[in-house]
Amino acid sequence: MNTDIIVKSCETALEHRINLDDIMDYYFDYDEYRGETERVYRVGVKKFSSWLEKNDITLVDESVLLKYKKYLGSIYSVRTANLYLTSVRWLFKRCSNHY
């Protein structure tokens, strides 16, 4: 899935268009995460991307992340929801350090 989204950093208010598959490939080449962690993070980011697409969201801010957290909590166990949120935090941390 190649979904372009606009990522808005709450702290810097910068907007950047990124391709999620490309950015994950780039960061996993340099991060210490491998194996199961990489797999779970990829699944989590793709689920987030699908949710954004399904809800026609192109600008991500804190309110969107809170809605996503509520959504995850309504369909997954606490452990699974937290894993998927961690993957989204990982993505935003990497993007905010890069852009």
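Given the structure is predicted, the values throughout are model-derived calculations rather than measurements. (Residues numbered from 1 in each chain as written. Predicted model: local features only at pLDDT ≥ 70, side-chain atom pairs only at ≥ 80, totals over all residues. Heavy atoms only, no water.)

Right, let's get into the nonpolar core. Core analysis: the largest hydrophobic core is formed by 13 residues, its most contacted members being Phe 48, Trp 51, Leu 52, Val 60, Val 64, Tyr 68 and Leu 72. Elements represented by at least two residues in this core include exactly α2 (36-54), α3 (62-75) and α4 (78-98). Formed by 10 residues, the second largest nonpolar core is a distinct cluster that contains Ile 23, Met 24, Phe 28 and Val 45. (Core = buried A, V, L, I, M, F, W, Y, C linked by side-chain atoms within 4.5 Å. Buried < 20%, exposed > 50% of the residue type's maximum accessible area, 1.4 Å probe, protein only. Helix = DSSP H or I, 4+ residues; strand = E, 2+ residues; numbered from the N terminus.)

One way to put it is that α2 packs onto α3 with a least axis distance of 11 Å and a crossing angle of 110°. The orientation of α2 relative to α3 falls into the category roughly perpendicular. Between α2, through Gly 44, Lys 47, Phe 48, Trp 51 and Leu 52, and α3, the contact on the second element is made entirely by Val 64, Leu 65, Lys 67, Tyr 68 and Tyr 71. When grouped by side-chain class, the residues that make up the contact of α2 with α3 number seven nonpolar, one polar and two charged. (Axes fitted to C-alpha atoms, helices over the stretch in contact; angles between N-to-C directions. Parallel < 35°, antiparallel > 145°, perpendicular 65-115°, else oblique. Contact = heavy atoms within 4.5 Å. Nonpolar A, V, L, I, M, F, W, Y, C, P; charged D, E, K, R; others polar.)

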